[in-house]
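Residue-level structure breakdown
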Amino acid sequence: MRAFIAIDLDAVTKSRLSAVQAQLVERGMRIKWVHPDQMHLTLKFFGDMADSACDAIRPLLDKITASTTPFELTLGGLGIFPPAGRVNVVWVAVSTPPGLLSLHEACEEALAPLRFPPDDRAFAPHLTLGRNKDHSASKGIRAILAAGGPIEIGSTKVGCITFYESVLEQTGPSYRVISRHNLAK
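The paragraphs below set out a description of the structure included in this document.

Attention now goes to helix α4 (residues 138–148). Within α4 the residues assigned to the buried category are S138, I141, I144 and L145. The arc that holds every buried residue of α4, seen down its axis, measures 125°, which confines them to one face. For α4, the exposed residues lying more than 90 degrees away from the buried face are K139, A146 and A147. Contacts from the buried residues of α4 go to α1 (11–26), β4 (71–81) and β5 (89–94). Among the residues trailing α4, G149 stands out with phi positive, at a value near 80°.

Here it is, written out as structure tokens:
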């Protein structure tokens, strides 16, 4: 199975992100958009793993969330991955409050003994709006983003994390909740 840990977004935030996608379409951006219901902030991506690993991961997530209090994320600003060359992903920036950084670090530290080593890349919190499959469109995407000006989406409160299975289908991935873990009150 393929799995990951994520922060889900509330309906208002998803609606605001959908509106940003619509604005980008109006400005001429043609990419494969992420459906708002599937938008999330990934804390840890496992890739392929044994189904049995879930039994070891869930209690660790309970322990992590029991010592993490709810916090708020601020969303705004558009960016692309990679920053140079062919554009693969268009994203929205996410603030990095201490609660998010400590939650991410706790996940990395707790899961390493289960043979899920920390990511080689620095944690870059973002929400993927869409993926570019036509690399010849990269120059146009850059131009649309450069001409657009700042975008503010607002903030969202984080009160839990979700452990998901990612099922790859012909139409794209679908996500199945394995477990939810509430942050400390």
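Spatial strand order, β3-β1-β8-β9: 4 strands in an open sheet with antiparallel pairing. The strands lining the two open edges of the sheet, one partner per strand, are β3 (40–48) and β9 (172–182). Pairs of neighbouring strands in the sheet enclose a mean axial angle of 25°, with direction left out of account. Alignment of strand β1 (residues 2–8) against strand β8 (residues 160–169), held across 5 bridges, turns out to be antiparallel. Bridge pairing links R2 to S166 in β8. Docked against the sheet, helix α2 (residues 53–66) engages β1, β3, β8 and β9, running at close to 55° with respect to β9. Across the sheet, helix α3 (residues 98–111) lies against β1, β3 and β8, angled at about 15° from β3, the strand it touches most.

Another point: the packing of aromatic side chains. A full pass over the atoms with the stated rule returns 6 aromatic pairs. Measuring from ring centre to ring centre gives 5.2 Å for F81 and W91, while their planes differ by 35°; the resulting arrangement is tilted. Residue F81 is located in strand β4, and its partner W91 is located in strand β5; the two are separated by 10 residues in the primary sequence. Under the relative-accessibility criterion, F81 is labelled partly exposed at 27%. The class for W91 is buried, based on a relative accessible area of 16%. Aromatic pair Y164 and Y175: ring centres 6.0 Å apart, planes at 55°, arrangement tilted. Within this pair, whereas Y164 is found in strand β8, its partner Y175 is found in strand β9, the two being separated by 11 residues in sequence.

Rules used throughout
- Residues numbered from 1 in each chain as written.
- Predicted model: local features only at pLDDT ≥ 70, side-chain atom pairs only at ≥ 80, totals over all residues.
- Heavy atoms only, no water.
- Buried < 20%, exposed > 50% of the residue type's maximum accessible area, 1.4 Å probe, protein only.
- Helix = DSSP H or I, 4+ residues; strand = E, 2+ residues; numbered from the N terminus.
- Arc of directions from axis to C-beta.
- Contact = heavy atoms within 4.5 Å.
- Pairing = 2+ DSSP bridges.
- Axes fitted to C-alpha atoms, helices over the stretch in contact; angles between N-to-C directions.
- Phe/Tyr/Trp six-rings, centres within 6.5 Å; stacked < 30°, edge-to-face > 60°.

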